[in-house]
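Examination of the molecular architecture
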Amino acid sequence: MKIFLIGFMGSGKTHWGRLLSRKLGLAFYDLDTVIVEQEKRSVADIFADKGEEYFRYKETEALERIVEGGDGFILSCGGGTPCFFNNIEFMKKSGKVIWLNTSIEVLSERLLRERKSRPLIRAVDEADLTRYIVKKLSERRMYYQQADVTVNEESVTLDELIKLLFQSEKPDRMKEEL
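Residues numbered from 1 in each chain as written. Predicted model: local features only at pLDDT ≥ 70, side-chain atom pairs only at ≥ 80, totals over all residues. Heavy atoms only, no water.

Describing the overall build of the protein
The helix and strand inventory of the protein stands at eight helices and six strands. Written out in order from the N terminus, the α and β elements of the protein read β-α-β-α-α-α-β-α-β-α-α-β-α-β. Over its C-alpha atoms the protein spans a radius of gyration of 16 Å, differing by no more than 12% from the 16 Å that the globule rule assigns to 178 residues. Expressed as lengths along the three principal axes of its C-alpha atoms, the size of the protein is roughly 45 × 35 × 30 Å. Looking at the protein as a whole, 47% of its 178 residues are labelled buried. Pairs at least 24 apart in sequence give 74% of the contacts found in the protein among residues at least 6 apart. Surface exposure of the protein reaches about 9100 Å², of which carbon and sulfur atoms provide 50%. Both charge centroids of the protein, one from 29 positive and one from 30 negative side chains, sit 1 Å from each other. (Helix = DSSP H or I, 4+ residues; strand = E, 2+ residues; numbered from the N terminus. Rg over C-alpha atoms; globule rule 2.2 N^0.38 Å. Buried < 20%, exposed > 50% of the residue type's maximum accessible area, 1.4 Å probe, protein only. Contact = heavy atoms within 4.5 Å. Areas by Shrake-Rupley, 256 points an atom, 1.4 Å probe, with all protein chains shown as cover. Lys, Arg positive; Asp, Glu negative; His and termini not counted. Charge placed at Lys NZ, Arg CZ, Asp CG, Glu CD.)

What follows is the structure, encoded as structure tokens:
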């Protein structure tokens, strides 16, 4: 089983990925961490030195390497991962994609605390953070909505999330929602 967690930055992908990994006994990978280890520098430094395009290329390379090398895993993807280089299609062909859909209010609260460690919002003024989230989320929503499963991240429990993962595929690949 290959499970891809997608969603906006701050949506809880790493948190839920670790919980699912422990509960299901599957390897856990955080795509950003894999890239940092490969590049031997932080995501912020990669963005500053090489730019977002370089990072996205490295992100796709790492994604493909993990898929090709792993039998079963939980992968916490970066917020932009599904939006570049047909990554969403690749993930859907390779396993099950879960969109952790989190409210703008909760994202704003979380990201305000984490702003300095996130290169895309580091320079965004505190007063403009919610506007930035709304804009970026509207650009990315069409990719996130292609997930096999959509969950309300703020109200889902681990058991409910696991139940959704193991529900049989519907013939018309309709999305399951909670």
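Concerning the confidence of the model for the protein
For the protein, the mean per-residue pLDDT works out to 91, and 94% of the residues sit at or above 70. Scored below 50 in pLDDT, residues 168–178 shows 24 contacts in the model against residues more than four places distant or in partner chains. (pLDDT = per-residue confidence, 0-100.)

Section: the side chain of Glu153
Considering the arrangement of structural elements, one finds Glu153 in the loop between strand 5 (149–152) and helix 8 (158–166). Here Arg110 takes part through its side chain, which lies 3.1 Å from a polar atom of the side chain of Glu153. Beyond its immediate stretch of four places on either side in the chain, Glu153 contacts Ser11, Gly12, Trp16, Leu100, Asn101, Thr102 and Arg110. (Polar contact = N/O pair within 3.5 Å; in protein donor to acceptor, adjacent residues only side chain to side chain.)

Regarding the packing of aromatic side chains
Evaluation of the coordinates by the stated rule reveals four aromatic pairs. Ring plane angle 85° and centroid distance 5.7 Å describe the contact between Phe4 and Phe73, whose orientation is recorded as edge-to-face. Separated by 69 residues along the polypeptide, Phe4 in strand 1 (residues 2–6) and Phe73 in strand 3 (residues 73–76) bring together distant segments of the chain. Arranged with centres 5.7 Å apart and planes meeting at 40°, the rings of Trp99 and Tyr144 form a pair that is tilted. Residue Trp99 is located in strand 4 (residues 96–101), and its partner Tyr144 is located in helix 7 (residues 129–144); the two are separated by 45 residues in the primary sequence. Each member of the pair, Trp99 as well as Tyr144, is classed as buried. Through successive ring pairs, a cluster of aromatic residues spans Phe4, Tyr29 and Phe73. (Phe/Tyr/Trp six-rings, centres within 6.5 Å; stacked < 30°, edge-to-face > 60°.)

Here we look at unusual backbone geometry
A negative phi holds for most residues other than glycine; trans holds for most peptide bonds. One non-glycine residue with positive phi stands out, namely Lys40, at about 60°. Assignment of secondary structure puts Lys40 in the loop between helix 2 (31–39) and helix 3 (43–50). In the Ramachandran plot, Phe85 falls in the positive-phi region, its phi being about 50° despite a non-glycine side chain. If you trace the backbone, Phe85 turns up in the loop between strand 3 and helix 5 (87–94). Residue Phe85 is classed as partly exposed on the basis of its relative accessible area of 47%.

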